[in-house]
Amino acid sequence: MSNDAATAEAAGTAEAAPAPEPIPHGLGASLPPADARAKTEGTFPYAADLWAEGLLWAAVLRSPHPHARIVSIDTTHAREMPGVRAVVTHEDVPGTPLHGRGGRADRPVFASEVVRHHGEPIAAVAADHPDTARMAAAAVIVEYEVLAPVTDPEQAFEAEPLHPDGNLIRHIPLRHGDPDAAGEVVVEGLYRIGRQDPAPIGAEAGLAVPRPDGGVELYLASTDPHADRDTAAECYGLAPEQVKIVVTGVPGATADREDQGFQLPLGLLALKTGCPVKLTATREESFLGHVHRHPTLLRYRHHADAEGRVVKVEAQILLDAGAYADTSSDALAAAVAFACGPYVVPNAFIEGWAVRTNNPPSGHVRGEGAMQVCAAYEAQMDKVAKKLGLDPAEVRLRNVLATGDVLPTGQTVTCPAPVAELLQAVRDFPLPALPKDTPEDEWLLPGGPEGAGEPGAVRRGVGYGIGMVHMLGAEGADEVSTATVKVQDGVATVLCAAVETGQGFSTLARQIVQDTLGVDEVQVAPVDTDQPPAGAGCRGRHTWVSGGAVERAAKMVRTQLLQPLAHQFGMSTELLQIADGKITSYDGVLSTTVAEALDGKELWATAQCRPHPTEPLDEAGQGDAFVGMAFCAIRAVVDVDVEIGSVRVVELAVAQDVGRVLNPAQLTARIEAGVTQGVGIALTENLRTPRGLIRHPDLTGYALPTALDAPDIRIVKLVEERDVVAPFGAKAVSAAPVVASPAAVASAVRAATGRPVNRLPIRPQAAVVTV
């Protein structure tokens, strides 16, 4: 081959080579997470991997009883063990001995006189080896006078007070409309929702390091570092500036990630010993320590006319808060406000209570309050449809909420509420094919290929669930976040104390800055309490308030960048635009790159985002309590073996209003994860607590859904109707499918079996049909 021919062939090959795919950029692109590689390679900095010179190990002694009076605590033997450096009890808490979330400091750091739940901390030990610490904790001698536990929330009203604040945490009586209104059809139901654990992928871990100024630094997977810092400072008797929390990698969070009863002893031990102290919880300790979803008892009565339109809803909702208040007041407000669901109900009379018991503490878990009532009101809609002989989807369509309608709380729905559109989308989506009765398709049967089911006993059911959740805090909560954006040497840095819990905030922050400033390389700084507060990482807060703060700061930097150019050409900065790394004017006279405009400059700005205020519910349950709402409709298809009661979820079709898609891949993953979590709530997840004792506190006894349990998830429609009061117009997407999917699965099992299915998770006996 000649040189010319070789050159021509090489040129032809070069021309035929595919062009490299463009790197995702800005809002609307599927930008990959910045920490994806570190997580897959095992280099992500989780708290369990941290180390410090002179490290001691901690262990916590927890109560074996759900209710007992503490007669005495003897730490002598533990202190005398070789290698033990410190033992702390309630006597060693120098500041306020109480802590708690949701504005209720009612929970002691260590139990002193009374134990109120199984697993309550009694003492903590620091030693030079983790085994020594655990043995020393076990060597603390506690004499108990065991008391009869109150485990039935209905008994809590008449029982002796379990806490100085009494057994009743909150009562909300909601009154809306005419109490004498009645319908031609009346259906009633009693429903029970079990206790679910957030089951984080990594158990709690942390490192406490004493500071030269007498303070302490805590390295934790905290989801609300500033609130945790303030609580710790009060308990330690220190000024807030003497306590610093550095957020480590968060191994998943669908609830309040860190148990404060775990954090606080850790810092006390570091202050007492003057050495770094590390604590890594076992899975059992994790189950005993952190909060769970509120078990709930619900009584409902629906009145409807002959066309299936709801006339009145009467309900009683009882939340089991466990031993302490935590966020039970917030959960109850959501449960009562959304007790009628995303339906127009002209008359509603709801009684809601949250009470203390000797069960494990309940708190914030994704969709709290809203999930429990959704299972109940959707069961009621199925009953209305059955009694009138109507299609369940059609009955729902005749009642759905829309923008401009009024909630039973008296609040007008001003945000987009395309509930009818969502329901129609899942109703009209083609149904999956029926499984074939052949050996090679046995895996399609409930129970899998080795299951005991017979094809002739399998019945298919189709059901619906429509969920609604509120975003941000409620009832007057001050929702605010602060962010700083800096640009130097062509690299942008975002400083914001919004913790990345898996919701994708760090990715979103990069996209916002890329979109606003045209800078490709964007870094998000690690989070600690030296930064201004951003609040808790729940209810889609950080997409809204922290994303809004980042956007405002980035726009301020954008103005700083464009002002010299605008002044040079005698025009306003509004006439300049940034796209694809270039700055151009409306008339094409100006055209330069962002890099040239920066030219070594250092620009920065700090901004806040604070949504419009809300108000507490009044004595009649009325008030504009919520900033915004999100909705989700799900159609479930299940196969049920009616002889043995096993259930297989075949498919879940999902339609959701998302406001605006900011990251398609991330949004899809969040919806699929929420739906799968809902399947676990519907079928397997139930933390059993007979007589107040957590039974099988491990991932063997607590059955999470696996990849084999996950159904086909079809996202059939995403409604992008922007919420004008939200930054970018986007809505939170994770909680709504968690709320709707358990109700949809229960509805489908109801359709397959004809059984009432009034309990979650669904027990096998509830799906058995006797001939």
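For clarity, every value in this text was computed on a predicted model and none was experimentally measured. (Residues numbered from 1 in each chain as written. Predicted model: local features only at pLDDT ≥ 70, side-chain atom pairs only at ≥ 80, totals over all residues. Heavy atoms only, no water.)

Caption draft 1: Spatial organisation of the overall build of the protein chain. From N to C terminus, the protein chain includes 16 helices and 29 strands. Relative to the 2.2 N^0.38 estimate, which gives 28 Å for 771 residues, the radius of gyration of the protein chain is 28 Å and therefore close to what a compact globule would have. Across its three principal directions, the C-alpha atoms of the protein chain cover 85 × 75 × 65 Å. Counting only contacts in the protein chain whose residues sit at least 6 apart along the sequence, the fraction spanning at least 24 positions is 80%. Element-wise, carbon and sulfur atoms account for 51% of the exposed surface of the protein chain, whose accessible area totals about 30,400 Å². (Helix = DSSP H or I, 4+ residues; strand = E, 2+ residues; numbered from the N terminus. Rg over C-alpha atoms; globule rule 2.2 N^0.38 Å. Contact = heavy atoms within 4.5 Å. Areas by Shrake-Rupley, 256 points an atom, 1.4 Å probe, with all protein chains shown as cover.)

Caption draft 2: Expanded view of the layout of surface pockets. Volume-wise, the largest pocket comes out at about 1,000 Å³. Contributing to the lining of the largest pocket are 46 residues, with Gly252, Thr254, Arg366, Arg670 and Ala673 lying nearest its centre. Taken together, the elements giving at least two residues each to the lining of the largest pocket come down to α12 (505–517) and α15 (664–683). Looking at the lining of the largest pocket element by element, the count peaks at nine residues for α15. Quantified by volume, the second largest pocket comes out at close to 850 Å³. (1 Å grid on protein atoms, 1.4 Å probe; cavity = no way out; pocket = protein on both sides within 12 Å on 5 of 7 lines; lining within 4 Å. Points joined across faces, edges and corners; volume = space filled by probe spheres on them.)

Caption draft 3: View of the sheet that holds strand β11 (residues 205–210). If you walk across this open sheet you meet the seven strands as β3-β7-β1-β14-β11-β12-β13, and the pairing is mixed. Because the sheet does not close on itself, it has two edges, and the strands there are β3 (84–88) and β13 (243–247). Averaged over all pairs of adjacent strands, the angle between their axes in this sheet comes to 20°, without regard to strand direction. Pairing of strand β1 (residues 56–62) with strand β14 (residues 277–280) involves two bridges; the strand directions are parallel. Opposite Leu56, over in β14, you have Val277 as the bridge partner. Packed on one face of the sheet, helix α4 (residues 130–139) meets β1, β3, β7 (121–127) and β14 and runs near 25° to β1. The sheet contacts of helix α6 (residues 260–273) involve β1, β3, β7, β11, β12 (216–220) and β14, and relative to β11 the element is tilted by about 30°. (Pairing = 2+ DSSP bridges. Axes fitted to C-alpha atoms, helices over the stretch in contact; angles between N-to-C directions.)

Caption draft 4: Broad picture of the packing of helix α5 (residues 225–236) against α6. Relative to each other, α5 and α6 sit at 50°, their axes nearing to 10 Å. Our classification of the angle between α5 and α6 gives oblique. The way α5 lies across α6 gives a crossing that is right-handed. Listed contacts from α6 to Asp228, Thr231, Ala232, Cys235 and Tyr236 of α5 are Gln260, Gln263, Leu264, Gly267, Leu268 and Leu271. (Parallel < 35°, antiparallel > 145°, perpendicular 65-115°, else oblique. Left-handed = near helix turned anticlockwise from the far one by under 90°.)

Caption draft 5: Molecular detail of the environment of Gln488. Structurally, Gln488 is set in strand β19 (residues 481–488). The spatial distance from the C-alpha of Gln488 to the C-alpha of Pro416 is 40 Å, given a sequence separation of 72 residues. Discounting chain neighbours no more than four positions away, the residues touching Gln488 are Lys601 and Glu602.

Caption draft 6: Region of interest: the environment of Ala726. Within the secondary structure, Ala726 is located in the loop between β28 (712–719) and α16 (735–753). Between the alpha carbons of Ala726 and Thr543 there is a distance of 9.2 Å; along the sequence they are 183 residues apart.

Caption draft 7: Geometry of the pairing of β14. As paired strands, β11 and β14 are joined by four bridges and run antiparallel to one another. Paired with Ala205 across the two strands is Thr280, which belongs to β14.

Caption draft 8: Structural context of α5. Here α5 is 12 residues long and its end C-alpha atoms lie 16 Å apart, about the 16 Å a rise of 1.5 Å per residue gives. Burial analysis of α5 places nine of its 12 residues in the buried class, which makes it a mostly covered element. Taken together, the buried residues of α5 touch β4 (98–99), β12, β13 and α6. One or two residues past the end of α5 sits Gly237, with phi positive at roughly 70°. (Expected span 1.5 Å × (residues − 1). Buried < 20%, exposed > 50% of the residue type's maximum accessible area, 1.4 Å probe, protein only.)

Caption draft 9: Structural view of empty space enclosed by the protein. As enumerated under the stated definition, the model contains six cavities of 30 Å³ or more in all. Estimates place the volume of the largest cavity at around 600 Å³. Along the walls of the largest cavity sit 36 residues, with Gly540, Arg670, Ala732, Val733 and Ser734 positioned nearest its centre. Listing elements by their share of the lining of the largest cavity, those giving two or more residues are β18 (458–474), α13 (541–569) and α15.

Caption draft 10: Representation of the packing of aromatic side chains. In the structure shown here, the tally under the stated rule is six aromatic pairs. Geometrically, the ring pair formed by Phe157 and Trp353 is edge-to-face, given 5.9 Å between the ring centres and 80° between the ring planes. Here the residue Phe157 occupies a position in the loop between β8 (141–146) and β9 (168–176), and Trp353 occupies one in strand β17 (residues 347–356), the gap between them amounting to 196 residues. Residue classification places Phe157 among the partly exposed residues on the basis of a relative accessible area of 39%. Where Tyr343 meets Tyr377, the ring centres are 6.1 Å apart and the plane angle is 85°; that geometry is what we call edge-to-face. (Phe/Tyr/Trp six-rings, centres within 6.5 Å; stacked < 30°, edge-to-face > 60°.)

Caption draft 11: Structural view of the pattern of salt bridges. In the structure shown here, the tally under the stated rule is 34 salt bridges. Of the charged contacts, one joins Arg648 and Asp639 as a salt bridge, the two residues approaching to 3.8 Å between their closest N and O atoms. A single burial state applies to Arg648 and to Asp639, both of which are buried. Each of Glu378, Asp382, Arg396 and Arg750 takes part in a single network of salt bridges with overlapping partners. (Salt bridge = Lys/Arg side-chain N within 4 Å of Asp/Glu carboxyl O.)

Caption draft 12: Region of the structure containing a negative patch on the surface. On the surface, a cluster of negative charge is made up of Glu615, Asp618, Glu619 and Asp624. By the element assignment, Asp624 lies in the loop between β25 (602–609) and β26 (626–641). For Asp624, a relative accessible area of 40% gives the class partly exposed. (Patch = residues over 30% accessible without salt bridge, like charges linked within 9 Å, V, L, I, M, F, W, Y side chains within 5 Å. Lys, Arg positive; Asp, Glu negative; His and termini not counted. Charge placed at Lys NZ, Arg CZ, Asp CG, Glu CD.)

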